[in-house]
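Structural overview
Residue strings, one per chain:
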Amino acid sequence: NIKAIVAIGKNVKLKAVKNQELKTIKKKGTKYINRNYITAEKYRKYGTLSHINMCNDANILPVHNFSDGSHPDAHKVSGELYEKIYTKRHKTCKPCTILCGHEGEFNGKTMAIPEYETTGLLGPNLEIFDPVAIAQWNDQCGKLGIDTITTGNVLGWAMEATEKGLIKSKLKFGSSAEIEQTINDIAYRNELGDDLANGTRKLSEKYGGKDFAIHVKGMEIAAYDPRGCWGQGLSYAVANRGGCHLSTAFFALEATVGLINPYTTLAKVKFTAFFENLNAAINSMHGCQFTSYAYILEPFIVKNTPGFLLNLVMQYMPKLALLLMDVSTYSKSYEAITGIRLSQKEMLKAGKRIHLLERYMNTREGINHNDDTLPERFLNEGRKSDKKQYKVPLNKMLKAYYKLKGYDEKGIPNTEILKKFKIEL
């Protein structure tokens with residue numbers, strides 16, 4: 001029942017091996033962050049809640065348990081709204097240049113401004129547009145040690161299951177009346193909360209409703225509807241820890257930055273594999289993934305290539321685009337801190353080995369192609385607001401992904417790729 005182990009101490013001072021080089025690369029990285037539209041404007045002013053309006057415009061915002069991708073009232077819980085009425089100060093990681101975290105005053109109480117995932121899933125996903133209530137539920141979940149992404153998905157499933165007569169509860173879309181009590185019931189496993197605490201996969205196995213249980217491999221997904229960003233759909237399906245949006249954060253390329261057409265399978269496999277490798281390396285270096293907006297988009301070639309040409313190259317010539325990608329801010333930081341020479345290619349190779357090892361460990365426990373899928377809602381239902389009724393064409397991308405990654409048709413790493421990366425069988 002341990003929640004955490006905390007180590008506190010100040011007896012050891014850590015120093016970079018190449019301190020001057022580190023100062024130089026930090027200065028360069030800070031310059032990138034301070035001129036990047038996402039990190040310096042959107043995140044610094046509004047935090048990740050800036051995604052509410054962007055995702056609503058892109059039709060990938062979760063609405064009514066992911067039945068839809070946009071809602072006319074979404075702006076009522078946007079970052080811009082919170083910043084105008086409630087935000088008082090930054091409250092963020094230390095030290096930080098982006099400053100995406102904020103706190104504010106809600107009816108005389110100081111609380112954190114909710115992040116996008118929290119707001120998207122406890123707000124529009126439940127058809128609730130009350131910024132104060134969402135901030136209070138966020139604070140409640142934080143104090144109880146409950147993940148807000150899972151909570152929002154579980155409540156969405158429960159509301160739809162109640163509508164369809166699969167369970168009996170007072171939960172319903174558009175009503176905040178029962179949510180505070182239900183969150184407590186989940187935390188302390190009281191009554192229906194005992195089942196809700198098990199997540200949407202087990203709920204749907206017990207009561208039915210698998211077609212609207214929003215999870216991958218038992219992990220509830222983040223607040224991006226993959227029917228409007230197919231690369232993110234592939235990323236959700238193959239992510240090693242389940243429906244994780246940070247395995248690649250592909251939605252950014254498709255919807256928020258708009259460098260790749262979201263409604264095509266072109267280039268999705270190659271960029272998914274690239275960002276899996278890059279993010280595995282960044283996470284292992286304990287870096288912030290938000291820096292990638294600046295560290296990837298601000299170097300000379302990407303920064304100075306006309307938008308239409310950059311879009312063309314990324315869409316139709318992904319191999320060339322990836323060769324031109326400059327991620328040296330990360331590799332040079334590692335080298336300055338540790339003194340160990342590390343090229344961009346070597347850093348990405350290390351990330352690839354990490355991702356491959358995770359996959360191999362999973363497949364040894366029984367994970368295979370049957371688990372690399374998406375909720376039925378994304379594969380078989382269109383969004384209500386989408387005239388073309390797009391679904392995610394997952395199978396086409398999945399086969400190409402396995403081939404590129406060195407997996408067999410069942411999604412299991414083959415002997416050759418494991419030996420190449422010196423992973424023992």
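See the structure shown above.
So, here's what we can say about the structure.

How each quantity is defined
Residues numbered from 1 in each chain as written. Predicted model: local features only at pLDDT ≥ 70, side-chain atom pairs only at ≥ 80, totals over all residues. Heavy atoms only, no water. Helix = DSSP H or I, 4+ residues; strand = E, 2+ residues; numbered from the N terminus. Rg over C-alpha atoms; globule rule 2.2 N^0.38 Å. Buried < 20%, exposed > 50% of the residue type's maximum accessible area, 1.4 Å probe, protein only. Contact = heavy atoms within 4.5 Å. Areas by Shrake-Rupley, 256 points an atom, 1.4 Å probe, with all protein chains shown as cover. Pairing = 2+ DSSP bridges. Axes fitted to C-alpha atoms, helices over the stretch in contact; angles between N-to-C directions. Core = buried A, V, L, I, M, F, W, Y, C linked by side-chain atoms within 4.5 Å. Salt bridge = Lys/Arg side-chain N within 4 Å of Asp/Glu carboxyl O. Parallel < 35°, antiparallel > 145°, perpendicular 65-115°, else oblique. Polar contact = N/O pair within 3.5 Å; in protein donor to acceptor, adjacent residues only side chain to side chain. Arc of directions from axis to C-beta. Patch = residues over 30% accessible without salt bridge, like charges linked within 9 Å, V, L, I, M, F, W, Y side chains within 5 Å. Lys, Arg positive; Asp, Glu negative; His and termini not counted. Charge placed at Lys NZ, Arg CZ, Asp CG, Glu CD. Phe/Tyr/Trp six-rings, centres within 6.5 Å; stacked < 30°, edge-to-face > 60°. Left-handed = near helix turned anticlockwise from the far one by under 90°.

Quick look at the overall build of the chain
The secondary structure content of the chain amounts to 22 helices and five strands. Expected size for 425 residues packed as a compact globule is a radius of gyration near 22 Å; at 22 Å, the chain falls within 12% of this value. In terms of principal-axis extent, the alpha carbons of the chain reach across some 60 × 55 × 50 Å. Split into buried and exposed, the 425 residues of the chain put 53% on the buried side. Considering only intrachain contacts with a sequence separation of at least 6, the fraction spanning at least 24 residues in the chain is 67%. When the accessible surface of the chain is totalled, it reaches about 20,900 Å², and 52% of it is carbon and sulfur.

As for the sheet that holds strand 1 (residues 87-90)
Ordered in space as 1-2-3, the three strands form an open sheet in which the pairing is antiparallel. The open sheet terminates on both sides in strands that have one partner only, identified here as strand 1 and strand 3 (109-112). Strand after strand, the sheet turns through a mean of 30 degrees between neighbouring axes, direction not considered. Across four bridges, the pairing between strand 2 (residues 102-106) and strand 3 is antiparallel. The partner of Gly-104 across the bridge, within strand 3, is Met-111. Sheet strands in contact with helix 6 (residues 131-144) are strand 2 and strand 3, and its direction is about 75 degrees off that of strand 3.

Here we look at the nonpolar core
Nonpolar side chains tend toward joint burial in soluble globular proteins. Within the largest apolar cluster, 110 residues are counted, with the highest numbers of intra-cluster contacts made by Ile-179, Phe-271 and Leu-278. The contacts of Ile-179, once residues within four sequence positions are left out, are Leu-126, Ile-128, Trp-137, Leu-155, Met-159 and Leu-171.

Details of the pattern of salt bridges
Side-chain pairing between opposite charges can occur once the charged atoms of the two side chains come close. Inspection of the entire model under this criterion finds 22 salt bridges. Among the salt bridges present, the one from Glu-160 reaches Lys-164, with a minimum N-O distance of 2.7 Å. A salt bridge links Arg-341 to Glu-335; the shortest N-O distance between them is 3.9 Å. Accessibility expressed as a relative area gives 68% for Arg-341, which makes it exposed. Bridged by salt links that share partners, the residues Glu-160, Lys-164, Arg-377 and Glu-381 form one connected network.

Topic: the packing of helix 1 (residues 19-35) against helix 2 (residues 37-46)
Taken N-terminus to C-terminus, the directions of helix 1 and helix 2 make an angle of 55 degrees; their axes are 4 Å apart at the nearest point. Looking at the two axes, helix 1 sits oblique to helix 2. Facing Ile-33, Asn-34 and Arg-35 of helix 1, the residues of helix 2 in contact are Tyr-37, Thr-39, Ala-40 and Arg-44.

Quick look at the side chain of Asp-372
Summarising the element assignment, Asp-372 is placed in the loop between helix 19 (344-364) and helix 20 (376-380). A polar side-chain atom of Asp-372 sits 2.9 Å from a polar atom in the side chain of Lys-217. Sequence-distant contacts of Asp-372, that is, excluding residues within four places in its chain, are made with Lys-217, Ala-237, Val-238, Arg-359, Leu-394, Leu-398 and Tyr-402.

Some details on the side chain of Gln-140
Residue position: Gln-140 is located in helix 6. The buried category is assigned to Gln-140, whose relative accessible area is 12%. Gln-140 has contacts with Glu-180, Ile-183 and Asn-184, leaving out every residue within four places of it along the chain.

A word on helix 10 (residues 200-207)
Taken together, the buried positions of helix 10 are occupied by Thr-200, Leu-203 and Ser-204. The arc that holds the buried residues of helix 10, viewed along the axis, is 95 degrees, so those residues lie on one side. Of the exposed residues in helix 10, those oriented more than 90 degrees away from the buried face are Glu-205 and Lys-206. The elements touched by buried residues of helix 10 are helix 7 (148-163), helix 9 (192-196), strand 4 (215-216) and strand 5 (219-220). Of the residues trailing helix 10, Gly-208 is marked for its positive phi of about 95 degrees.

Structural notes on a positive patch on the surface
On the surface, Lys-345, Lys-349, Arg-353, Lys-420 and Lys-422 cluster together into a patch of positive charge. No other element matches helix 19, which puts three residues into the positive patch. Following the sequence through the fold, Lys-422 ends up in the segment after helix 22 (415-420).

Topic: the packing of aromatic side chains
By the definition in use, this model includes 19 aromatic pairs. With 5.8 Å between their ring centres and 55 degrees between their planes, Tyr-82 and Tyr-86 make a pair best called tilted. Owing to a relative accessible area of 14%, Tyr-86 belongs among the buried residues under this scheme. An aromatic cluster of at least three residues, connected via ring pairs, comprises Tyr-43, Phe-290 and Tyr-293.

Regarding the packing of helix 11 (residues 230-238) against helix 13 (residues 268-284)
At a minimum axis separation of 10 Å, helix 11 and helix 13 run at an interaxial angle of 55 degrees. Between helix 11 and helix 13, the angle falls in the class oblique. As for how helix 11 packs across helix 13, the hand of that crossing is right-handed. For the pair helix 11 and helix 13, the contacting residues are Trp-230, Gly-231, Leu-234, Ser-235 and Val-238 in the first and Lys-268, Val-269, Thr-272 and Glu-276 in the second.

Quick word on the environment of Pro-131
As for its position among the elements, Pro-131 is in helix 6. Considering only alpha carbons, one finds Pro-131 and Leu-81, 50 residues apart in sequence, at a separation of 8.7 Å. Setting aside residues up to four positions removed in sequence, Pro-131 forms contacts with Lys-76, Val-77, Leu-81, Tyr-82, Tyr-86 and Phe-106.

Observations regarding a nonpolar patch on the surface
Together, Leu-266, Phe-300, Ile-301, Phe-308, Leu-309, Leu-312, Tyr-316, Met-317, Leu-320, Leu-323 and Leu-324 make up an exposed nonpolar region whose accessible area comes to about 1,200 Å². Secondary-structure elements contributing two or more residues to the nonpolar patch are helix 15 (300-304), helix 16 (307-316) and helix 17 (318-324).

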